[in-house]
Amino acid sequence: MYYDGENQWDAAYKSSLTCHEKVGLLTDQHDDDQIAELRETDEKYCSQEDNTAPLINCTSNFEKKAVKYAIGDPNIVTYHDGYIGFQNSRARWWYFAVSNCDNPNGVTRMTYSIELTNGKTFWTKHVSADEIGILETDIVFVILFIYLVIASAKVARVLANRQLYHTSFKIFMASVSLQAIAAMAFVVYRCMINMSGEENKVLKYFGKAVCILAETLFILLLILLSKGWTVVRGRLSTQGTMILSASITFYFLSLIVTLFWSAYMFDPGEVLYEYESLPGYVTIVCLTLMWIWFCTCNFHTLSNYPDQNKFYGIFFAAYSIWFLAKPIMILIAAFQLQDHYREKAVNVVLNTNLFFGYSVFLVLTRPSTNNKMFPYNVKTSQIGVSETADDVVDAGRPKASSFERANMFRANGAVSPS
């Protein structure tokens, strides 16, 4: 049994050492209590009384349970069971390796069942030390995201009554609803682990896929609003629509590839973060480029429509933080945080960032007379599909007033839904 360390698992795994040399990594450090010999004997392989390992307290009652085949048969099968307790100075990853150094073919056949636990309570027993506390955090965020869904539904009803229920707000509602569903899936997934110690991978990757879709929709919304869509213009140019569609699709696919890469390509013998891969680094670059594009669009829209500075000033500042928080946190987690702190820290920061982004948008679009940042000045019944109107809006006449913008959205009497 090796723990994560330069002189133990790191030295034994994927190394050119021989079988005896790998076992010697433990015996040379007087860590004999990390070795349990499975042989035909009633001997106790380690006991608390003669324990000398500095970071492990080992007790075991391994013993022969049954023997099949004839004595001396090379295919003899022995059954062993027992328990081992660990007391570490800090959280560690433990790796179990089975060897038969005296047989040139190694271990030819083995069936095993291992149950690893941390304490005895529901919240810790079947949970890895680096993930203890995540379930409680996820429960809190489920409540918060459900609250946002309810609040956004109430705002949507008011906006609909005032004919201000634009498509941009519908995208927001779809995104926050999907995020709430993903958060609930994660809570159910972790509850199942806490109860039985077995993970439901289908539920896990369903939650992650829904979360990816929610994030992609929200980024699409932010880019559209930065371009002035449903605020100072009724539609985008054909070229702009094609570029935006291609960019969002590429980002979405990079997230999906990163998810599959971490699920099927990562080595279980190594402790890696989800984004520590080529697709993960591509995703970080894409998100950073999205932020640069977001900044450029905001600057262009605000320079042409300065009367919207109350909305776009807060919008730009808040969502610049939102865009940059994820790539910065990913880089810190991958290269600075210790492995046994990373999972909990990333979970809290990224969920907080999502809640922050949704909350700011809900505050900005709150239909109140006291809300001076409210972006929707044109009713949905005034938004048309006239190419002439679109060209005028895309031209971006500087310092256009709200009255002039309302005229831009009219389409010679034709009305289409937002």
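For the structure, see preceding data.
Summary of the structure given here.

Quick notes on the rules
- Residues numbered from 1 in each chain as written.
- Predicted model: local features only at pLDDT ≥ 70, side-chain atom pairs only at ≥ 80, totals over all residues.
- Heavy atoms only, no water.
- Helix = DSSP H or I, 4+ residues; strand = E, 2+ residues; numbered from the N terminus.
- Expected span 1.5 Å × (residues − 1).
- Disulfide = S-S within 2.5 Å.
- Patch = residues over 30% accessible without salt bridge, like charges linked within 9 Å, V, L, I, M, F, W, Y side chains within 5 Å.
- Areas by Shrake-Rupley, 256 points an atom, 1.4 Å probe, with all protein chains shown as cover.
- Salt bridge = Lys/Arg side-chain N within 4 Å of Asp/Glu carboxyl O.
- Core = buried A, V, L, I, M, F, W, Y, C linked by side-chain atoms within 4.5 Å.
- Buried < 20%, exposed > 50% of the residue type's maximum accessible area, 1.4 Å probe, protein only.
- Contact = heavy atoms within 4.5 Å.

**A word on helix α4 (residues 167-196)**
In this model, α4 (30 residues) spans 44 Å end to end at C-alpha, consistent with the 44 Å of a helix rising 1.5 Å per residue. A positive backbone phi angle near 85 degrees is found at Gly 197, which sits one or two residues after α4.

**Details of the state of the cysteines**
A full pass over the atoms with the stated rule returns one disulfide. Disulfide pairing places Cys 19 opposite Cys 101 at an S-S distance of 1.8 Å. Looking along the S-S bond of the Cys 19-Cys 101 disulfide, the torsion reads about -75 degrees, which is the left-handed sense. Of this pair, Cys 19 sits in helix α2 (residues 19-27) while Cys 101 is found in the loop between β4 (94-95) and α3 (134-161), placing the two residues 82 residues apart along the sequence.

**Looking at a nonpolar patch on the surface**
A contiguous nonpolar surface patch, about 680 Å² in accessible area, is contributed by Phe 96, Val 98, Val 107, Met 110, Tyr 112, Ile 114 and Leu 116. When you line up the elements, Phe 96 lands in the loop between β4 and α3.

**Some points on the nonpolar core**
If you look at the biggest cluster of nonpolar residues, it comprises 71 residues, and the most contacted ones within it are Phe 169, Phe 172, Ile 219, Phe 315, Tyr 319, Phe 323 and Tyr 358. When contributions to this core are tallied by element, the ones reaching two or more residues are α3, α4, α5 (201-226), α6 (238-264), α7 (278-304), α8 (309-335) and α9 (339-364). Ignoring any residue separated from it by four or fewer positions in sequence, one finds Phe 169 in contact with Ser 152, Val 155, Ala 156, Leu 159, Phe 361, Leu 362, Thr 365 and Tyr 376.

**Brief notes about the pattern of salt bridges**
Tallied over the full model, the rule gives seven salt bridges. Ionic pairing is found between Glu 274 and Lys 208, a salt bridge with its closest N-O pair at 3.4 Å. Of the two residues, Glu 274 sits in the loop between α6 and α7 while Lys 208 sits in helix α5, which places them 66 residues apart along the sequence. Of the charged contacts, one joins Lys 326 and Glu 215 as a salt bridge, the two residues approaching to 2.9 Å between their closest N and O atoms.

**Quick word on unusual backbone geometry**
Here Gln 163, not a glycine, exhibits a phi torsion of approximately 60 degrees, which is positive. Along the chain, the position of Gln 163 falls in the loop between α3 and α4. According to the relative accessible area criterion, Gln 163 is partly exposed, its value standing at 35%. Although it is not a glycine, Thr 230 sits at a positive phi angle of roughly 65 degrees. By the secondary structure assignment, Thr 230 is in the loop between α5 and α6.

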